[in-house]
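# Residue-level structural notes
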Amino acid sequence: MSTVDPNQYLVKNEPYYEAVGDEITLYEAAYNARMPMMLKGPTGCGKSRFVEHMAWRLKRPLITVACNEDMTASDLVGRFLLDKDGTKWQDGPLATAARIGAICYLDEVVEARQDTTVVIHPLTDHRRTLPLDKKGELIEAHPDFQLVISYNPGYQSLMKDLKQSTKQRFGALDFDYPAENIEVAIVSKESGVDQKTAGKLVQIAHRARNLKGHGLDEGISTRLLVYAGQLIGKGISPQAACTMTMVTPLTDDPDMRDTLNAAVQTFF
Ligand code: ADP
């Protein structure tokens, strides 16, 4: 029995999403098959926005969980809480999603401990169940429930990786920074700067992305370009805006900062 109102998780307004290929069609087919999906790609390249957009398109509630290394299985599944009347069970976000037929998006699932990832297994095969061991209940997932995880194959893959037994439960879509003209459109639309300024920001990002693996762990994300545009829109000088959003967050290495700032100065 669920007392949760699914409507609170509906995405009310269309989230702006610029398609980069046929990902919308592919995802729709996967959802129609209720196939668990894995979205792979670097941070800030549009994975979360894509899920929000798809939940809106499919008119399904969306429950997002940002995973971290301290997360336990109980954080996903639920736990008993103590209150004045004794103990009360509280569903975690995964249990709620399974009950109400939401799309459950586990962002950066590789960050979670392995015992946490194992709880998703019975939900991602023919069983479509979630055992609440502590409560002694087996949830049968609602027919509309779908599990989606995101995964950044880049920087942490040597330290942490999903087990094959987990990976092979998902269909997967690759995401990457969008092609130049699409990224310019996104940065301009999201931040409000004109196309010319957005174009320069994207050019700087292209230079910096070439430094990945040569002193930078990750390239400049689309998200950071949007930040830069937003500051420029607030009247901050482009150089200061770029340093604050596209240089300082990325690296503490003075030489690398000089290199990135030099790239900024080439354009602004
Ligand atoms: P991720 O989940 O991959 O870390 P996000 O989905 O949060 O990244 O994307 C970061 C930001 O980049 C979004 O808030 C949005 O402004 C912008 N963005 C990236 N790709 C797109 C896209 N294809 N369409 C619209 N906005 C995008």
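Residues numbered from 1 in each chain as written. Predicted model: local features only at pLDDT ≥ 70, side-chain atom pairs only at ≥ 80, totals over all residues.

### Topic: the overall build of the protein chain
Counting its secondary structure elements, the protein chain contains 11 helices and 9 strands. Looking at the 268 residues of the protein chain, the share that counts as buried comes to 38%. Counted over contacts in the protein chain with a minimum sequence separation of 6, partners at least 24 positions apart contribute 70%. (Helix = DSSP H or I, 4+ residues; strand = E, 2+ residues; numbered from the N terminus. Buried ≥ 20, exposed ≤ 12 C-beta atoms within 10 Å, placed from the backbone. Contact = placed C-beta atoms within 7 Å.)

### Concerning the site of the ligand
Taken together, 18 residues surround the ligand, and among them Gly46, Lys47, Ser48, Arg49 and Arg223 come closest. Sorting the residues of the shell around the ligand by element identifies helix H2 (47-58), helix H7 (180-191) and helix H9 (222-233) as the ones contributing at least two each. Residue composition of the shell around the ligand, grouped by class: 7 nonpolar, 6 polar and 5 charged. (Near = placed C-beta within 6 Å. Nonpolar A, V, L, I, M, F, W, Y, C, P; charged D, E, K, R; others polar.)

### Focus: H9
Between its terminal C-alpha atoms H9 stretches 17 Å, which fits the 16 Å expected from 12 residues at 1.5 Å a residue. Three or more residues of H9 are buried, namely Thr222, Leu224, Leu225, Val226, Tyr227, Ala228, Gly229 and Ile232. Close packing links the buried residues of H9 with H7, helix H8 (195-209) and helix H10 (238-247). Just beyond H9, the residue with positive phi is Gly235, at close to 95 degrees. (Expected span 1.5 Å × (residues − 1).)

### A word on the UniProt feature "domain: CbbQ/NirQ/NorQ C-terminal" (unreviewed entry) in the protein chain
As annotated by UniProt and renumbered to match this structure, "domain: CbbQ/NirQ/NorQ C-terminal" (unreviewed entry) occupies residues 183-266. In this annotation, residues 183-266 is assigned 70% helix and 0% strand; the end-to-end C-alpha distance for the span is 20 Å. (UniProt positions renumbered as here; feature names shortened; annotations may be inferred.)

### Section: the packing of H9 against H10
It is the contact of H9 with H10, at a shortest axis distance of 9 Å, that shows an interaxial angle of 145 degrees. Crossing handedness for the pair H9 and H10: right-handed. Residue-level inspection shows Leu224, Tyr227, Ala228, Leu231 and Ile232 of H9 in contact with H10, the latter providing Pro238, Ala241, Cys242, Met244, Thr245 and Met246. In the contact of H9 with H10, the residues fall into 10 nonpolar, 1 polar and no charged. (Axes fitted to C-alpha atoms, helices over the stretch in contact; angles between N-to-C directions. Left-handed = near helix turned anticlockwise from the far one by under 90°.)

### Side note on the pairing of strand E1 (residues 37-40)
Bridging between E1 and strand E8 (residues 146-151) involves 4 bridges; their strand directions are parallel. Note on E8: the bridge partner recorded for Met38 is Ile149. Pairing geometry for E1 and strand E9 (residues 171-174), over 4 bridges, is parallel. Paired with Lys40 across the bridge in E9 is Asp174. (Pairing = 2+ DSSP bridges.)

### As for unusual backbone geometry
At Glu108, a position not held by glycine, the phi torsion is positive, near 55 degrees. Among the secondary structure elements, Glu108 is positioned in the loop between strand E5 (103-107) and helix H5 (114-118). Taking the C-beta count within 10 Å as the criterion, Glu108 has 18 such neighbours and is therefore assigned partly exposed. In this structure, Arg128 takes a positive phi of about 45 degrees despite not being glycine. With respect to the secondary-structure elements, Arg128 resides in the loop between H5 and strand E6 (129-132). Owing to 18 C-beta atoms within 10 Å, Arg128 belongs among the partly exposed residues under this scheme.

### Overview of H2
If you check H2, its first and last C-alpha atoms are 16 Å apart, about what 12 residues at 1.5 Å a residue would give, namely 16 Å. Turning to H2, its buried residues number three or more, namely Lys47, Ser48, Phe50, Val51, His53, Met54 and Ala55. Where the residues of H2 are buried, they touch helix H1 (23-32), E1, strand E2 (62-66), E5 and E8. The first or second residue beyond H2 is Lys59, which carries a positive phi of 55 degrees.

### Comments concerning the packing of H7 against H8
Put simply, H7 and H8 touch, their axes get as near as 8 Å, and they point 120 degrees apart. Of the possible angle classes, the one that applies to H7 and H8 is oblique. With respect to the hand of their crossing, H7 and H8 are arranged in right-handed fashion. Side by side, H7 and H8 meet where Glu180, Glu183, Val184, Val187 and Ser188 of the first sit next to Gln195, Ala198, Gly199, Leu201 and Val202 of the second. (Parallel < 35°, antiparallel > 145°, perpendicular 65-115°, else oblique.)

### Observations regarding the nonpolar core
With 45 residues, the main nonpolar core has Ala98, Ala102, Cys104 and Val148 as its most contacted residues. The set of elements that each furnish at least two residues to this core consists of E1, H2, E2, helix H3 (73-77), helix H4 (93-100), E5 and E8. It is H4 that contributes the most residues to this core, 5 residues altogether. Setting aside its immediate chain neighbours within four residues, Ala102 contacts Pro6, Tyr9, Arg60, Pro61, Leu62, Ile63, Ala97 and Phe145. (Core = buried A, V, L, I, M, F, W, Y, C linked by C-beta atoms within 7 Å.)

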